[in-house]
Structure formats: structure tokens, C-alpha cells
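# Inside the fold
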Amino acid sequence: MRFAIIDTGTNTFHLLIVERTETGFKEIYKTQEGVKLGESGISDNVISEQAFERGINTFKEFKHQCDIHNTTKIVAIGTAALRNASNANELVQKVKDETGIEMIIISGNLEAELIWNGVRHAMNLGAETSLIMDIGGGSVEFIIADENHIYWKSSFDIGGALLLEKFKPADPVSNDDINNLKTLFEKELKWMMQVCGIFKPVQLIGSAGSFDTFTEMIVHQFYNIDDIKNTTEYKFNLADYNAIHQQLITSTHAQRLEMKGMLAMRADMIVVASILLNFVLRKLNFKEIKSSTYALKEGILYKSLSILN
């Protein structure tokens with residue numbers, strides 16, 4: 001049995017096709033497309049005409065790949081951009097009409113739970129609590145959990161694409177831009193900081209997206225790219241990340257495009273993502289970061305496998 005997971009993110013659409021095996025699954029095909037579904041509309045809670053068209057075209061291509069790889073089941077999930085868009089139902093219906101794929105828009109809390117489910121299959125979380133952080137284009141999910149339990153989870157509408165459209169930072173980002181973002185984070189994440197004071201997570205784990213980029217940049221600059229091949233987790237220290245952070249907040253868009261490990265579709269969003277990560281690290285005094293290559297789509301995959309068992 002082969003089945004596909006489609007993660008319809010605010011910035012990036014992901015397709016993962018797997019084959020069921022006796023012990024779990026085998027990856028058959030994986031791709032991603034920088035659709036930028038939230039571009040020119042996310043702050044007004046609408047999907048723009050151009051973004052709408054990019055989304056439909058990407059679904060058509062994903063369906064084509066599913067057909068080529070003889071996929072028998074497709075699970076498509078919509079996240080923050082679709083949760084908040086006034087014309088989300090129109091896109092969902094158009095996708096169904098054009099491709100036959102039925103998309104499900106999930107809540108922020110369910111998204112957070114599925115992210116945890118992906119991360120705990122990428123690494124051993126152990127018995128101590130961790131703070132899991134997933135920086136998307138429309139929302140950011142925080143989960144306090146151990147290997148077996150979620151103690152607290154929430155989704156915040158402070159994703160990278162949303163912040164870019166709302167604040168329109170300079171290039172390179174200015175000190176005023178950084179301070180304005182920090183003021184927002186101070187307000188929006190007050191509750192999260194209080195909960196961390198109760199559960200006292202011992203480590204920060206970043207999942208997918210921006211954290212993939214941070215990891216790629218660090219290993220390209222300071223280590224060996226082979227260090228992250230065939231692994232689902234990577235640990236990096238604060239000094240390495242701080243060096244990358246300084247590069248990101250002092251560089252122009254053109255300069256970031258030249259950086260090793262940088263994807264063009266993340267060259268702007270990565271700046272506000274790094275300002276957010278830097279804020280969380282300083283507030284909670286974490287000394288190292290673990291990055292998980294598994295996130296939402298793998299969480300959906302393992303959930304599907306458990307249901308099918």
C-alpha cells in the first residue's frame with residue numbers, strides 16, 4: 001500500500017509518498033514547492049488571486065506525482081493560511097474539483113499535536129520535558145512534552161510570512177524592526193513563557209522549515225555536510241547559531257541568496273524566524289538546540305500508520 005501526505009503550509013507545500021512495510025514505511029518520493037500561499041493577503045485573512053492559482057497548480061502537480069507513483073490514498077492537510085482565510089473553502093472546493101483530493105483544514109492545537117508526533121519519531125525525547133518549536137509561515141507552534149505525553153501546546157499567529165507582511169522590515173533588517181518584533185513577541189508569548197516556568201523544559205527542539213535552514217547553514221560553514229545525511233536529528237550549540245543569526249540580521253536579500261544552505265523561498269522569512277528563535281533562547285536560557293527533520297507531515301504519517309494497524 002502506498003499513500004501520500006500533503007502538508008499545505010502558508011509558505012511551502014510538501015508532498016511525501018511512502019510505501020507501507022511490515023515495520024513501518026519506506027519513503028518513495030518527497031518534494032516541496034514554495035507556493036507562498038499567504039503572500040499579499042495573509043494580513044487581511046485572504047488568499048490572493050495569484051497565490052490561489054499557485055496553490056491549485058501545485059496540487060495538480062502533486063496529484064500527477066501521486067498517480068505516477070501508484071498512490072492509493074492521499075491525506076491533505078491545510079494549516080494557518082487556510083484556517084484564517086475568508087476564501088479558504090473556495091480553495092478546498094477547487095482542489096477537490098480539479099484533482100479529486102479532499103483537503104482537511106486542521107486547528108492549531110491539532111497541528112501542534114501532530115508536530116510532536118513527528119518529532120518523537122525523529123528522536124528520543126526521553127522522560128524530561130522539552131520545548132518543541134515549529135516556525136511556519138502563518139503560525140508558530142509551541143509544545144511542552146516528553147516522549148509519551150504533551151503537557152501543554154498552543155499555536156500563535158506570528159508566523160514568518162505574516163510578520164513580513166505586517167512589519168515590512170528593511171533590507172537588511174533595521175534595529176527598529178528588530179525591537180518592534182521583540183515587543184510583539186514579548187506580548188504574544190507571555191503565556192508561553194509562564195507555562196515554561198511551570199514545566200521547566202530542559203531543551204529546545206526546532207522542527208523542520210526554518211530549523212532545517214539553520215542546520216544546513218551551520219554544517220556548511222563550521223562542519224561537514226555529511227554530518228546531517230541519513231539522520232533525523234542534529235544538535236547545535238548556541239555559539240554556532242549566534243554566528244548565523246548575526247549574518248542573517250546584517251545581510252541583504254541578495255547576500256542571503258548566496259549563503260550556503262539557504263533556500264531562495266526562505267531567504268526573507270528566515271530573518272524574522274531567527275529573531276524569534278533568538279528571543280526565545282535568551283528568555284529561556286537554553287544552551288543548545290536540537291533540530292528535527294520530522295514535523296507535521298511525518299506526524300500525520302505515523303498517526304495514519306497507527307490507525308491502519
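Bear in mind the structure is a predicted one, so any value in this text is a computation, not a measurement.

### Observations concerning the environment of M133
- Relative to the elements of secondary structure, M133 occurs in strand β6 (residues 130-135).
- In this structure, the C-alpha to C-alpha distance between M133 and S207, residues 74 residues apart in sequence, is 6.3 Å.
- For M133, the contacting residues outside a window of four places in its chain are V140, E141, F142, L204, I205, G206, S207, F211, L276, L277 and V280.

### A short note on the side chain of R266
- Assignment of secondary structure puts R266 in the loop between α10 (253-257) and α11 (269-284).
- Buried within the structure, R266 lacks any salt-bridge partner; D212 is the closest side chain of opposite charge, at an N-O distance of 5.0 Å.
- Setting aside residues no more than four positions away along its own chain, R266 makes contact with Q32, G209, S210 and T213.

### Thoughts on the nonpolar core
- Grouped together as the largest cluster of nonpolar side chains are 50 residues, with contacts concentrated most on M133, F142, L189 and M192.
- When neighbours within four sequence positions are excluded, L189 is seen to be in contact with F142, F156, I158, L276, F279 and V280.
- In terms of nonpolar packing, the next biggest core, distinct from the first, is built from 25 residues, F3, A145, I205 and L305 among them.

### Observations concerning helix α3 (residues 88-99)
- Between the first and last C-alpha of α3 there are 16 Å, a value that for 12 residues agrees with the 16 Å anticipated at 1.5 Å per step.
- Among the residues of α3, A88, L91, V92, V95 and T99 are the ones counted as buried. Take α3 and look down its axis: the buried residues cluster within an arc of 100 degrees, on one side only. Exposed positions of α3 whose direction lies more than 90 degrees from the buried face are N89, E90 and D97.
- Of the residues flanking the end of α3, it is G100, one or two places downstream, whose phi is positive at about 85 degrees.

### With respect to the pattern of salt bridges
- Taken as a whole and judged by the stated rule, the model has 16 salt bridges.
- Taking the shortest distance from any N to any O, the salt bridge between R2 and E19 comes out at 2.8 Å. On the criterion of sequence distance, the pair formed by R2 in strand β1 (residues 2-8) and E19 in strand β2 (residues 13-20) is long-range, its members being 17 residues apart.
- Residue R2 is classed as partly exposed on the basis of its relative accessible area, which comes to 23%.

### Here we look at the sheet that holds strand β7 (residues 140-145)
- With respect to topology, six strands assemble into an open sheet ordered β8-β7-β6-β9-β11-β10, the strand pairing being mixed. In this open sheet, the two edge strands, each paired with only one partner strand, are β8 (150-156) and β10 (233-237). The average angle at which neighbouring strand axes cross in this sheet is 20 degrees, direction not considered.
- Across six bridges, β7 lies against β8 in antiparallel orientation. Within the sheet, the bridge partner assigned to A145 lies in β8 and is I150.
- Relative to the sheet, helix α7 (residues 190-199) contacts β6, β7 and β8, its axis offset from that of β8 by approximately 170 degrees.

Parameters and conventions
Residues numbered from 1 in each chain as written. Predicted model: local features only at pLDDT ≥ 70, side-chain atom pairs only at ≥ 80, totals over all residues. Heavy atoms only, no water. Helix = DSSP H or I, 4+ residues; strand = E, 2+ residues; numbered from the N terminus. Contact = heavy atoms within 4.5 Å. Buried < 20%, exposed > 50% of the residue type's maximum accessible area, 1.4 Å probe, protein only. Lys, Arg positive; Asp, Glu negative; His and termini not counted. Salt bridge = Lys/Arg side-chain N within 4 Å of Asp/Glu carboxyl O. Core = buried A, V, L, I, M, F, W, Y, C linked by side-chain atoms within 4.5 Å. Expected span 1.5 Å × (residues − 1). Arc of directions from axis to C-beta. Pairing = 2+ DSSP bridges. Axes fitted to C-alpha atoms, helices over the stretch in contact; angles between N-to-C directions.

It is worth stressing that arrangement in space is one thing and function is another; only the former is reported here.
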